[in-house]
Amino acid sequence: MSTLGEDLGADWQRLGRLGGGAHGSVFLYRHNPTFQQFAVKFISRGETITEHTVREVTNHSRLNHPNIIRYKEVILTETKLA
């Protein structure tokens, strides 16, 4: 699998790329046990998580609008936050 959209484990299947921007790429994933689909944003990270990354996650978690996908959780991969 491409390093842009990382493997989230056996319970997840990547269905395609939805888009991207200056700070990350967004992919469509299906959670196989529930068949629910999720947009997953991957943000690159280094050894430490920067203040910018913390702000990005915090801002996403506070969004509450019917036209914006709701924030669920953060998953830490080897090279990215998802």
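It should be emphasised that the depicted structure is a prediction, and the values quoted were computed from it without experimental measurement.

### What to know about the packing of aromatic side chains
Okay, so step 1: Per the counting criterion, the structure on display carries three aromatic pairs.
Okay, so step 2: Geometrically, the ring pair formed by tyrosine 29 and phenylalanine 42 is tilted, given 6.0 Å between the ring centres and 50° between the ring planes. Highlighted residues: tyrosine 29 in strand 2 (residues 24-31) and phenylalanine 42 in strand 3 (residues 36-44), separated in sequence by 13 residues. Of the two residues examined, tyrosine 29 and phenylalanine 42, each falls in the buried class.
Okay, so step 3: By the ring-pair criterion, three or more aromatic residues cluster together here, those being Phe27, Tyr29 and Phe42.

### Concerning the nonpolar core
Okay, so step 1: If you look at the biggest cluster of nonpolar residues, it comprises seven residues: Leu8, Phe27, Tyr29, Phe38, Val40, Phe42 and Ala82.
Okay, so step 2: For this core, the secondary-structure elements that each account for two or more residues are strand 2 and strand 3.
Okay, so step 3: Leucine 8 has contacts with Tyr29, Val40, Phe42, Ile75, Thr77 and Ala82, leaving out every residue within four places of it along the chain.

### Focus on the environment of leucine 81
Okay, so step 1: In this structure, leucine 81 sits in strand 4 (residues 80-81).
Okay, so step 2: Its relative accessible area of 7% is what places leucine 81 among the buried residues.
Okay, so step 3: Sequence spacing of leucine 81 and serine 25 is 56 residues, and the spatial spacing of their C-alpha atoms is 11 Å.
Okay, so step 4: In contact with leucine 81, not counting residues within four places along its chain, are Lys41, Phe42, Ile43, Arg45, Ile49, Thr53, Val57, Val74, Ile75 and Leu76.

### Quick word on the environment of aspartate 11
Okay, so step 1: By the element assignment, aspartate 11 lies in the segment before strand 1 (12-21).
Okay, so step 2: A residue is classified by how much of its surface remains accessible, and aspartate 11, at 41% relative accessible area, is partly exposed.
Okay, so step 3: Counting along the chain gives 22 residues from aspartate 11 to proline 33, while the straight-line C-alpha distance between them is 6.5 Å.
Okay, so step 4: Contact partners of aspartate 11, with chain neighbours within four places excluded, come to Arg30, His31, Asn32 and Pro33.

### Digging into the pairing of strand 1
Okay, so step 1: Taken together, the eight bridges between strand 1 and strand 2 define a ladder with antiparallel strand orientation. Counted as the bridge partner of arginine 14 is tyrosine 29 from strand 2.
Okay, so step 2: Once strand 1 ends, the chain turns through two residues before running back antiparallel as strand 2.

### Comments concerning the pattern of salt bridges
Okay, so step 1: For the structure shown, the criterion picks out one salt bridge.
Okay, so step 2: Its salt-bridge partner being arginine 55, residue glutamate 51 comes within 3.2 Å of it at the nearest N-O pair. Remark: arginine 55 and glutamate 51 occur in helix 1 (residues 51-62); sequence separation between them is four residues, near one turn of the helix.
Okay, so step 3: Overall, the relative accessible area of 42% leaves arginine 55 in the partly exposed class.

Each value, and the rule that gives it
- Residues numbered from 1 in each chain as written.
- Predicted model: local features only at pLDDT ≥ 70, side-chain atom pairs only at ≥ 80, totals over all residues.
- Heavy atoms only, no water.
- Phe/Tyr/Trp six-rings, centres within 6.5 Å; stacked < 30°, edge-to-face > 60°.
- Helix = DSSP H or I, 4+ residues; strand = E, 2+ residues; numbered from the N terminus.
- Buried < 20%, exposed > 50% of the residue type's maximum accessible area, 1.4 Å probe, protein only.
- Core = buried A, V, L, I, M, F, W, Y, C linked by side-chain atoms within 4.5 Å.
- Contact = heavy atoms within 4.5 Å.
- Pairing = 2+ DSSP bridges.
- Salt bridge = Lys/Arg side-chain N within 4 Å of Asp/Glu carboxyl O.

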